[in-house]
Amino acid sequence: MTPEFAPFPATRLRRTRKSDAIRRLVAENALSPNDFIWPIFLCDGIATVQDIPSMPGVQRLSVDLAVKAAKDAYELGIPAICLFPYTDRSKRSSDCAEAWNPDNLSNTATRAIKDAVPDILIMSDIALDPYSDTGHDGLVENGEILNDETVTALVRQGLAQAEAGIDIIGPSDMMDGRIGALRTALERDGHKNTLILSYAAKYASGFYGPFRDAVGAANTLKGDKKTYQMNPANSDEGLRLVARDLREGADMVMVKPGMPYLDICHRVKDAFGVPTYAYQVSGEYAMQMAAAQNGWLDGDKVMLESLLCFKRAGCDGILTYFAPRAAQLLNG
């Protein structure tokens, strides 16, 4: 119901905008470091930093430096990080067995970070693309991405990550039935408190290009991912996917990409009222950085505005590469 306002001049809506103090007092949404999950890319080596040209300011880090990054994040008040490995090509295969190697990059980093910063939350990626010789999120046979066989592999991957000490697993593969299978396996093997943050509404988007550079999947990807990731034209389907994943045991859900899909974020939060997240993906980050570096936009101002819009849409948090810089600004 729309409220009735007294006519002008009794009502002057600018009164509540006239100073910084009153604007803060009546603000409907606020942003803080507590809202961020910081994605970190991993690489082999010691004291190794690898620039990612399509993501200015973002690097792949060896495990020792990822530990330092986690310490920095914790000191900034960022509650969680998310690990993404760049797997050496010699370890990529059609069966993706490196995904459940207890000593792969992701699991090794998880143990090291937990030893050094036990109170920071670590989220992992559940998908096969960093370990596949095809660049797909699932197992491939005769050009078809296999659903059920992939789910079996994802369960092995999830259990290996849980054994390493992961706090939150993030299934990003978009296979049918994977949330239920993962939850059942986690409960069976004693990982009853491991959280699942499901990439429930993940779209077959053109905004993922820089990320695929970062994890080394860009040059290996054969074909596209339209048979398992969502059609950007669809909205109602996203709600059906969220409902399914919640029924199967997801604790939290995610919409990906972020800003082009704020309507989906809003619909999900409004319909389900569960912890809802968005991933401000690599393409969104790269566009803002390119515009800022060219002097076309005020980088910090646009960064904070873009992050606040997720809160306004109903998100409880955001996966963003801007997390450390945003936290520094918000901390003053």
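Below: a short report on this structure.

Calculation rules
- Residues numbered from 1 in each chain as written.
- Predicted model: local features only at pLDDT ≥ 70, side-chain atom pairs only at ≥ 80, totals over all residues.
- Heavy atoms only, no water.
- Buried < 20%, exposed > 50% of the residue type's maximum accessible area, 1.4 Å probe, protein only.
- Helix = DSSP H or I, 4+ residues; strand = E, 2+ residues; numbered from the N terminus.
- Pairing = 2+ DSSP bridges.
- Right-handed = clockwise from strand over helix to strand, strands pointing away.
- Axes fitted to C-alpha atoms, helices over the stretch in contact; angles between N-to-C directions.
- Parallel < 35°, antiparallel > 145°, perpendicular 65-115°, else oblique.
- Left-handed = near helix turned anticlockwise from the far one by under 90°.
- Contact = heavy atoms within 4.5 Å.
- Nonpolar A, V, L, I, M, F, W, Y, C, P; charged D, E, K, R; others polar.

Comments concerning the pairing of strand β4 (residues 80-85)
Working step 1: Counting buried positions over the six residues of β4 gives six, a clear majority of the element.
Working step 2: Across four bridges, β4 lies against strand β5 (residues 121-126) in parallel orientation. Across the sheet, the residue bridging to A80 is L121, located in β5.
Working step 3: What joins β4 to β5 is helix α3 (residues 105-116), and the crossover it makes is right-handed.

Some words on the packing of helix α5 (residues 178-188) against helix α7 (residues 236-248)
Working step 1: With their axes 8 Å apart at the nearest point, α5 and α7 run at an angle of 15° to one another. Relative to α7, α5 is oriented roughly parallel. Pair α5 / α7 crosses with right-handed handedness. Contact residues: α5 offers R178, I179, G180 and R183, while α7 offers R244, D245 and E248.
Working step 2: For the contact of α5 with α7, the class distribution of residues is one nonpolar, one polar and five charged.

Digging into the packing of α3 against helix α4 (residues 148-164)
Working step 1: Running from amino to carboxyl end, α3 crosses α4 at an angle of 20°, the nearest separation of the two axes being 8 Å. For the element pair α3 / α4, the angle class is roughly parallel. Here α3 runs over α4; the crossing is right-handed. Counted together, S106, N107, T110 and R111 of α3 and A160, Q161 and A164 of α4 form the full contact between these two elements.
Working step 2: Of the residues that constitute the contact of α3 with α4, the class distribution is two nonpolar, four polar and one charged.

That is the geometry; function is a separate question.
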